[in-house]
Amino acid sequence: MFPLFTIAILAVLVAVFAHVRNRLRWRALGQWGRENGCGEAAIVPNPGVSGFLAKWKMISIGLKGVDFLEDFIRKRYIDMGTYTFRSFATFDNSSMVSTSEPENVQAVLATKFQDFDLPPLRQSVFLPLLGVGLFTAEQHNWSRLRQLVKPQFTREQVSDLECADRHLQTLFKILPEENSDGWIESVDFLPLLYRYTMDVSTEFLLGTSVNSQLAALHAENSGNNTDLQRSIYFTESITYAMRVMILRLRFPWIFWYFSVDHKKFKKSCDIVKDFINHYVQVFLNPEHKSAPPAPDQKKKYILLEELAKEIRDPVELRDQIMHIFLAGRDTTAATLGWTLNLLARHPKEVTRLRTSILEHFGTETSPKTELTFSSMKACKELTYVLYETLRLYPTVPMNARVALRDTILPTGGGPDGKQPIAVIEGETVGFVPYIIQRRKDIWGEDADEFRPARWEGKKLSWEFIPFSGGPRICLGQQYALNEANFFLVKLLQIYDKIEPVDPDAPMLKAISLILSPGNGVNIKLHRASSQELVSKYLEESRETF
């Protein structure tokens, strides 16, 4: 009994010490903050046990029927009546500043970059699948990795569209047949987009595509060859591993530990790593030589091959490729999925965009201008449509950093919420692009509406952060936009109408590591009229506007 009693007393003393120490730290921070003109941020009432049970219920139903961003995140901001507030955990001393003020986001990501780093949780969650790379490395290691990867995303590299075109033609070939009126009556584009971007990304990164589109096409054929079967295993494994990772990232362990198949998760991670390891070993082999290009073609660019010239450690090389792959595959597919869903529900925007595309580039059979990075960037309507999609549905709707030292954010404190606020060392600062990019005081009363024309003459600022910002801004943003632009041009050169299969169906959200359409991209497509009718189409379109 005595040892147990002693242990209990020690546990109580440790808890009391931690509590007192925490109170003294907060008192010191408050004094320091007042000396620097800071005000107190609004405090979220502690929900106690009821809040714990509500979170348990939320994960137990798998967020079914729940719009997490609207019903929980946005509602919290509305209930608080401010865009910056602080909350404290129910059962420990941790705290979090939540902010959707552009000034504060700019401070966290740029002007006070050295005061913040990635949350430790992100590193531990991503490690089993991705290892250490750009999205998990701490500042000292991150800077070195970024310098290695950055040269691989030059304008010349992101402008190579031959690979994207080849895989896009495969996508078009596997679309359902058209009826006698030229309509594809129903197709869920979302899985097609994931496979398309998977194929493009793996060829760009590894030099060889997994050809997931062909694998899916022949999935019912027992004659699948070994390479296609490996591609299927790779695709299924990375999908499952990411589902587990998002549970671990969003919720404390007690909410997800008993609902995860840990053996399957480990096996999935191993399958993905083994798949990439095969290509890593090929390019690290001193005897490896790339096949020379055909006389009329330039040398094929392979990111892994270029990185292998700088990174000779096979584990580090694999990890960097995994990080880039994760960023490039799902984000582009999700953005294109949202774009098609939005265009299908806004026929005038389809007509406006297609008119601009035909004027700039012509039709598929009678092209006017070569599709290049520069020519597509010059087509402003393309940029407006993609920016408006990313504004409403940012691929990373929520993000966070941890304070490395006591620091100050420029706004959010005091009775009016305009004073700076002090942030304590170790405190999480969460920011929500989804909220910032829908604020009516910034974007107008129609902030929740899809209106690409709002971008005409508008300059980018910290009110729009779909690619993050500051030193950690997304390296591949131009690559992603170029790939998305190319897809939209090619699609609307062939099809002149996009409509929803069910106009009354809501656009649900699915939040994994990214924000993607939660109930697919179920649309109808109509093949454009013959070439001789294009001039008439353009004339009628101009009259409409």
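Since we're looking at a predicted model, the values are computed, not measured. (Residues numbered from 1 in each chain as written. Predicted model: local features only at pLDDT ≥ 70, side-chain atom pairs only at ≥ 80, totals over all residues. Heavy atoms only, no water.)

**Student:** When you look at the overall build of the protein in this model, what are you seeing that I'm missing?
**Tutor:** Along the backbone of the protein there are 22 helices and 13 strands. Classification of the 545 residues of the protein by burial places 50% in the buried group. As displayed, the protein offers around 26,700 Å² of accessible surface, 55% of which is attributable to carbon and sulfur atoms. (Helix = DSSP H or I, 4+ residues; strand = E, 2+ residues; numbered from the N terminus. Buried < 20%, exposed > 50% of the residue type's maximum accessible area, 1.4 Å probe, protein only. Areas by Shrake-Rupley, 256 points an atom, 1.4 Å probe, with all protein chains shown as cover.)

**Student:** Would you mind going over the nonpolar core with me for this structure?
**Tutor:** Side chains of nonpolar character tend, in soluble globular proteins, to be buried together. Counting 124 residues, the largest nonpolar core has Leu129, Phe189 and Phe487 as the members making the most contacts within it. The element best represented in this core is helix H15 (residues 314-344), accounting for 14 residues. Once you skip the residues sitting within four places of it in the chain, phenylalanine 189 turns out to touch Leu171, Leu175, Leu340, Phe487, Leu491, Val521, Ile523 and Leu525. Counting 15 residues, the second-largest nonpolar core is a separate cluster that includes Val105, Val108, Ala403 and Phe431. (Core = buried A, V, L, I, M, F, W, Y, C linked by side-chain atoms within 4.5 Å. Contact = heavy atoms within 4.5 Å.)

**Student:** Which parts of the structure should I look at to understand the packing of aromatic side chains?
**Tutor:** Pairs of aromatic rings are described using the distance from one ring centre to the other and the angle between the two planes. Taken as a whole and assessed by the stated rule, the structure comprises 16 aromatic pairs. Judged by centre distance (4.7 Å) and plane angle (65 degrees), the rings of tryptophan 455 and phenylalanine 464 are edge-to-face. With relative accessibility at 3%, the residue tryptophan 455 sits in the buried group. Joined through ring pairs, the aromatic side chains of Phe234, Phe275, Tyr279 and Phe325 make up one cluster. Just above the ring of tyrosine 393 sits the side chain of arginine 438; from NZ or CZ to the centre is 5.2 Å. The ring centre of tryptophan 443 lies 4.7 Å from the NZ or CZ of lysine 458, which sits over that ring. (Phe/Tyr/Trp six-rings, centres within 6.5 Å; stacked < 30°, edge-to-face > 60°. Lys NZ or Arg CZ within 6 Å of the ring centre and 35° of its normal.)

**Student:** Is there a simple way to think about the sheet that holds strand S9 (residues 428-431) in this case?
**Tutor:** Paired through their backbone hydrogen bonds, the strands of a sheet run either parallel or antiparallel. Strand order in this open sheet of 6 strands is S1-S2-S3-S9-S6-S4, and the pairing throughout is mixed. Whereas interior strands pair on both sides, the edge strands pair on one side only; in this sheet they are strand S1 (42-43) and strand S4 (116-117). Bridging between S1 and strand S2 (residues 84-88) involves 2 bridges; their strand directions are parallel. Residue pairing across strands places isoleucine 43 opposite arginine 86, the latter belonging to S2. (Pairing = 2+ DSSP bridges.)

**Student:** Can you walk me through helix H5 (residues 120-130) in this structure?
**Tutor:** One full turn of an α-helix is made of 3.6 residues, so residues set three or four places apart face in the same direction. For H5, the full list of buried residues reads Arg122, Gln123, Val125, Phe126, Leu129 and Leu130. Immediately downstream of H5, the backbone of glycine 131 shows phi near 70 degrees, a positive value.

**Student:** Would you mind showing me how to read the side chain of glutamate 349 here?
**Tutor:** Structurally, glutamate 349 is set in helix H16 (residues 347-361). The class for glutamate 349 is buried, based on a relative accessible area of 13%.

**Student:** Could you clarify how one ought to interpret the sheet that holds strand S13 (residues 522-527) in this entry?
**Tutor:** Strands sit in the order S5-S13-S10 across an open sheet of 3 strands; the sheet is antiparallel. The open sheet has two edge strands, strand S5 (183-188) and strand S10 (495-500), and neither has a second partner. On average, adjacent strands in this sheet sit at an angle of 25 degrees to one another, irrespective of strand direction. Inspection of the sheet shows S10 paired to S13 by 5 bridges, in the antiparallel sense. Bridge pairing links lysine 497 to histidine 526 in S13. Lying on the sheet, helix H9 (residues 189-206) is in contact with S5 and S13; it crosses S5 at an angle near 70 degrees. Most of the contacts of helix H21 (residues 477-494) go to S10, to which it runs at about 100 degrees, and overall it touches S10 and S13. (Axes fitted to C-alpha atoms, helices over the stretch in contact; angles between N-to-C directions.)

**Student:** What am I meant to see in the packing of H16 against helix H18 (residues 380-392) here?
**Tutor:** A packed helix pair is summarised by two numbers, namely the angle formed by the two axes and the spacing between the axes. Viewed as axis vectors pointing N to C, H16 and H18 meet at an angle of 145 degrees, and their least axial separation amounts to 9 Å. Between H16 and H18, the residues in contact are Leu353, Ser356, Ile357 and Phe361 and Glu381, Leu382 and Val385, respectively. Tallied by class, the residues present in the contact of H16 with H18 amount to 5 nonpolar, 1 polar and 1 charged. (Nonpolar A, V, L, I, M, F, W, Y, C, P; charged D, E, K, R; others polar.)

**Student:** Honestly, a nonpolar patch on the surface in this entry has me stumped. Any pointers?
**Tutor:** A contiguous nonpolar surface patch, about 280 Å² in accessible area, is contributed by Ile9, Leu10 and Leu13. Residue placement: leucine 10 occurs in helix H1 (residues 2-35). Taking relative accessible area as the criterion, leucine 10 reaches 49% and is therefore assigned partly exposed. (Patch = residues over 30% accessible without salt bridge, like charges linked within 9 Å, V, L, I, M, F, W, Y side chains within 5 Å. Salt bridge = Lys/Arg side-chain N within 4 Å of Asp/Glu carboxyl O.)

**Student:** Would you mind showing me how to read unusual backbone geometry here?
**Tutor:** Across residues other than glycine, the phi torsion is negative in most instances, and most of the peptide bonds are trans. Phi is positive for asparagine 211, which is not a glycine, with a value near 50 degrees. With respect to the helices and strands, the residue asparagine 211 is situated in the loop between H9 and helix H10 (212-217). Asparagine 211 sits in the partly exposed class, given a relative accessible area of 28%.

**Student:** Would you mind showing me how to read the pattern of salt bridges here?
**Tutor:** Pairing of side chains with opposite charge becomes possible as their charged atoms draw close. Evaluated as defined, the whole model comprises 24 salt bridges. Linking aspartate 117 and arginine 472 is a salt bridge whose minimum nitrogen-to-oxygen distance equals 3.6 Å. Of the two residues, aspartate 117 sits in strand S4 while arginine 472 sits in the loop between helix H20 (440-443) and H21, which places them 355 residues apart along the sequence. Just as aspartate 117 is buried, arginine 472 falls in that class too. Where glutamate 499 meets lysine 524, a salt bridge forms, and the shortest distance between an N and an O atom there is 3.7 Å. Here glutamate 499 is found in strand S10, whereas its partner lysine 524 is found in strand S13, with 25 residues between them in sequence. On the basis of relative accessibility, which here comes to 30%, the residue glutamate 499 falls in the partly exposed class. Judged by its relative accessible area of 25%, lysine 524 is partly exposed. A single network of salt bridges, built from pairs that share partners, joins Glu388, Arg391, Asp446, Arg451 and Arg454.

**Student:** So what exactly am I meant to see when it comes to the pairing of S9 here?
**Tutor:** When a strand is regular, its side chains alternate between the sheet's two faces. Sheet topology note: the strand S3 (residues 95-99)/S9 ladder contains 4 bridges and is parallel. Looking at the pairing, valine 97 lines up with valine 429 of S9.

**Student:** Sorry, what's going on with the packing of H18 against H21 here?
**Tutor:** Packing of H18 against H21 brings their axes to within 10 Å, and their N-to-C directions diverge by 115 degrees. In terms of crossing hand, the pair formed by H18 and H21 is right-handed. Of H21, the residues touching H18 (which contributes Leu382, Leu386, Tyr387 and Leu390) are Leu481, Ala484, Asn485, Leu488 and Val489. Residue classes in the contact of H18 with H21 are distributed as 8 nonpolar, 1 polar and no charged. (Left-handed = near helix turned anticlockwise from the far one by under 90°.)

**Student:** I'm lost on the environment of serine 209 in this one. Help?
**Tutor:** Mapped onto the secondary structure, serine 209 falls in the loop between H9 and H10. Sequence separation between serine 209 and aspartate 199 is 10 residues, and the spatial gap between their C-alpha atoms is 5.1 Å. Not counting chain neighbours up to four residues away, the residues in contact with serine 209 comprise His167, Asp199, Thr202 and Glu203. Within the local environment of serine 209, its side chain forms a polar contact with the backbone oxygen of aspartate 199, the two atoms lying 3.2 Å apart. For serine 209, the side chain forms a polar contact with the main-chain nitrogen of asparagine 211, separated by 2.9 Å. (Polar contact = N/O pair within 3.5 Å; in protein donor to acceptor, adjacent residues only side chain to side chain.)

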